[in-house]
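Structural overview
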Amino acid sequence: MFGKLLSTLLISFHLFAILCVSFSEENPTDRRVLVLLEDFAIKSSHSLFFKSLETRGFDLDFKLADDPKLALQRYGKYLYDAVILFSPTIDRFGGSIDAASLLEFVDSGHDLILAADASASELIREIAVECGVDFDEDPAALVIDHMSYAVSETEEDHTLIASDDFIQSEVILGSTKIEAPVLFKGIGHSINPANNLVLTVLSASPAAYSANPKSKLSNPPTLTGSAISLVSIVQARNNARILISGSLSMFSNRFFRSGVQKAGTTSKHEKCGNEQFLTELSKWVFHESGHLKAVNVKHHKVGEKDEPSMYRIKDDLDYSVEVYEWSGTSWEPYLADDLQVQFYMMSPYVLKTLSTDQKGLYYTSFKVPDVYGVFQFKVEYQRLGYTSLSLSKQIPVRPFRHNEYERFIPAAYPYYGASFSMMSGFFIFTMVYLYTK
Amino acid sequence: MARNLEFLVVALLVFASSCESAIFNPVSESHRSAALELFSPADGSFGSLEETYEALKTCEVLGIEKKPDIRISACASVVDTLLSTSTAVKDLFHALRVNGILKCELNDEAFAGIESRLKDSLNNANSLLDFYYSIGGLVLIKDQTSAVDVLLTDADKISRSIKALSQSDGRWRLNSNNPESSNDAAGKALEALAGVISLASSEIDQSLIATLKNDIAKLFDGVARYDDGTCYFDEKLVDARGHQGPLSASASVVRGITAFAEVTTESLNVRVSTVLGSSAPPLTVKLMQTFISGSKDASIIDQIVFDDPEQKKNYATGGRTKVPIHVTGAITIDSAEIAILDSDIGSPETQKKLDLPGENAVALSANHLQKLMLSFRLTTPSGHAFKPHQDFLGLVEKFYYLSGKYDIQLTVGDSVMENSFLQPLGHIELDLPDAPEKAARPPPQPVDPYSRYGPKAEITHIFRAPEKRPPRELSLAFLGLVFLPLFGFLAGLFYLRANLKNLPKSTVPATFAILFHLGIAAVLALYALFWFKLDLFTTLKALGLLGMFLMFVGHKTLSHLASTSAKLKSA
């Protein structure tokens, strides 16, 4: 009886352990993804995108955005590692989800993909604004481009845009160059210049503008030219990643399979860049690429092995750290030549680029400055598309002890000589004074 | 996966009644490759017979030649399912459907066995799905073999029990206990009823068929349409089988109505044919009506009339199709000029002709009192004036009192204009007054993302320079100099003929005198030691002992010397 109970407990414990396979420090790729749809038709009309996620091992949970049973967390634990919002016109989420709870979800380090579309709801706009992205306020506005639109048989108002103005980053968009332009049909946004965490991944051409294509323009459009972002990403300080797109249809099977010919060019691409672009972006958002970790931070005096509790000014020291990059399945050595360490007290006293052995180990050595106080070894590594590394290790630095200064200074020899000549003179004088007759 | 198939099916079945469909594209190579991608068998077979059927049917409908080779495994699974005695009716139905396409080898006895099982379940059926699968199975048997008698003797009774599940709005319930009705169920019911009619051994009551037609008409009252005019049946019921989307509900309804229309003599107005990628027969398109919406987009509603009357039997023509047609043209731009005006009516101070669209590099200068005027005229090929949708200068909206050089760009574009352009015109030097104190500050400009992430410049600590020291030789020279007074002192003593003749001669005072001077030497040596290595406390201790000793021997020696000199004086 007791044994049976124990085995049940053990099994349930194992089950629990399996259920807990999710985002962790050691395995940073997301696993459980909540997909909020406006309509279940999106599940089939965007199935290629979802399928590519599923084949990469994601566990997608499709829910209607107004499902009254929606919840992001239970008993204080998050049920998901990421959320995909494919519900551009939803006014209120069902269940316990609202804008604040979604932002809290992101604030606790989880990821988000948000696709808006023409006539995006206030709710979606509010979430975007919190992420540093302002969609065009006119609900009927679309991005129009009379110069670089996609030649199409059915759409002739030049709102189907073929854009190839990508961000230059291999880690975000993959190492293979995206040859074909990306099709986009939706609303444009501008990014908040005060927010330096948000980046434009795909921007419109200089001739684009955001307006209602069906009505005459009464005022100059508020968003024009390359200031219009089509797709943006955010990497928060806690490395939570957000993808914001002004178009839901760019994720659709129709766009994934569509060919593209940019107006004014003769090159016709069999397949537009959407699938490659969005697959690579989703890899980035879900931490399959660009995730770094630093381990084994070590420092010691040159020629020693152990880390001292304190350095003396002008000591020579060795510093080393190992940095690895998550490849989606394993940790690979991170290769770069611009990792820097700072020896920091209020401001950096030493800032040095680390050398690498190309196997993940970064090292350098330098002399402790002749200023004493409490210093820090700091590695602040922020690169486009990578998670930021922020390491700091505190270490005090003391001045010379009294007996660590130079013992006999040549310049003082006359003083030493004076004392000794005085002393010998005194000795002779005592004898002579007492005993001379 | 089920919904994927139905998406394709709906794309093909554009039902007419009163819907003007949106732009309808014929099946192309891209649809086929998408279908092949969706239905990719995992290790040689699909998961279930239902999925196998969906894959095969899609391939058939789209005319995909290069089917995945699954015949052997699928047939094995079909035979297995059909011969097993414990298979559910639903699986029998799917197996028969797959068999209908693949034509696996089955003998008539097997069919007879299945037929009796299907009839048994039909007699015990109480839910719509039971009816649907049993009747569907029987119809499939009828199509696949002629040796088995599948005719229903009590067709009237069965059709009445199916009809009992219908609702007043034309929708149907899945079973009598469940009050919720759906469009999906309506489609299934109609298909089942069509099956009953085709299987009936005697004529079905005509009044029943008339009621059904009435129901179908009601069903179409509930049709919803998307913005582009495509009709669909919405589905709100979410049951245990998962949500049936509008696509799948519409597909089900269309399938039911089609099946029903096939078996009833009077045809319903349903269009099911579209161009399946094959070339169309010779036909004329008559323009029935032309709408001009706005001033630019013209829509044409056409009706297709076949040249060859024989073709009418093979191809049904449907409804009215609305095809938007766009007329575009090259717009000519002339009399373009840019000018700086002193006031609204004042004569231009500087005026320059522009070549649009072409290369321009104008250099202008202006201050805050002047106006910039850019004028050009657009003409359509037919000679009318043209107002484009996009015509604005790439200028900043507010200057924030920032003087300097501003670039001017002109963008002219419209969806009907073939030669839309974005052209830099040149630059203008603005001389603006200083900002008043309360003026709004210019908004922050976005930072270039690439510049923000580069490595920082290295910092090396500058160590404090060591104090300046005299050269060693100088110190040594002074060391020598410092010893000179000692030598001078010794020389002085020698000159004065200093001597030690007064040293006590008798043993005891002499010992005391020697000990006294050794003590002094020891104190001096202690000082030297203190300088070299000893710390203060050791030194003080030793000095205390030496001091007491010195006091004693010093007192003895000095008092001896004093008494000796007193004797001398008195003597």
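Residues numbered from 1 in each chain as written. Chains lettered and ligands numbered in written order. Predicted model: local features only at pLDDT ≥ 70, side-chain atom pairs only at ≥ 80, totals over all residues.

Per an unreviewed UniProt entry, chain B goes by Dolichyl-diphosphooligosaccharide--protein glycosyltransferase subunit 2 and derives from Rehmannia glutinosa. Per UniProt, the comment on chain B under Pathway (unreviewed entry) is "Protein modification; protein glycosylation." Here chain B is described in UniProt, under the heading Subcellular location (unreviewed entry), as follows: "Endoplasmic reticulum membrane". (UniProt positions renumbered as here; feature names shortened; annotations may be inferred.)

The name given to chain A in an unreviewed UniProt entry is Dolichyl-diphosphooligosaccharide--protein glycosyltransferase 48 kDa subunit, and the organism recorded there is Rehmannia glutinosa. Taken from UniProt, the Sequence similarities (unreviewed entry) comment for chain A reads in full: "Belongs to the DDOST 48 kDa subunit family." Comment text from UniProt for chain A, heading Pathway (unreviewed entry), reads "Protein modification; protein glycosylation."

Residues and elements named next belong to chain A. Spatially, E20-E28-E27-E23-E24 is the arrangement adopted by the five strands of the open sheet, whose pairing is mixed. A strand with exactly one partner marks an edge of an open sheet, and here the two such strands are strand E20 (311-312) and strand E24 (347-353). Both strand E23 (residues 340-345) and strand E27 (residues 373-381) contribute to a ladder of three bridges, which runs antiparallel. Bridging across to E27, Tyr344 finds its partner in Gln376. (Pairing = 2+ DSSP bridges. Helix = DSSP H or I, 4+ residues; strand = E, 2+ residues; numbered from the N terminus.)

All names here are of chain A. Summarising burial for strand E15 (residues 229-235): seven of the seven residues are buried, a large majority. As paired elements, strand E13 (residues 198-203) and E15 share five bridges and run antiparallel to each other. Residue Thr200 lies in a different strand from E15, and its bridge partner there is Ser232. Pairing of E15 with strand E16 (residues 241-245) involves five bridges; the strand directions are antiparallel. Counterpart to Ser232 in the pairing with E16 is Ile244. Counting the residues that bridge the hairpin from E15 to E16 gives five residues, and of these Asn239 lies at a positive phi of roughly 70°. (Buried ≥ 20, exposed ≤ 12 C-beta atoms within 10 Å, placed from the backbone.)

Contact residues are listed per partner, giving 64 residues for chain B and 56 residues for chain A. Broken down by secondary-structure element, the contributors of at least two residues to the side of chain B that touches chain A are helix H1 (2-12), helix H2 (29-38), helix H11 (246-263), strand E14 (390-393), strand E15 (404-413), helix H13 (449-452), helix H14 (472-495) and helix H15 (507-532) of chain B. With 11 residues, H14 of chain B is the largest single contributor of residues to the side of chain B that touches chain A. Each residue belonging to the side of chain B that touches chain A can be placed in one class, and the counts come to 36 nonpolar, 19 polar and nine charged. (Contact = placed C-beta atoms within 7 Å. Nonpolar A, V, L, I, M, F, W, Y, C, P; charged D, E, K, R; others polar.)

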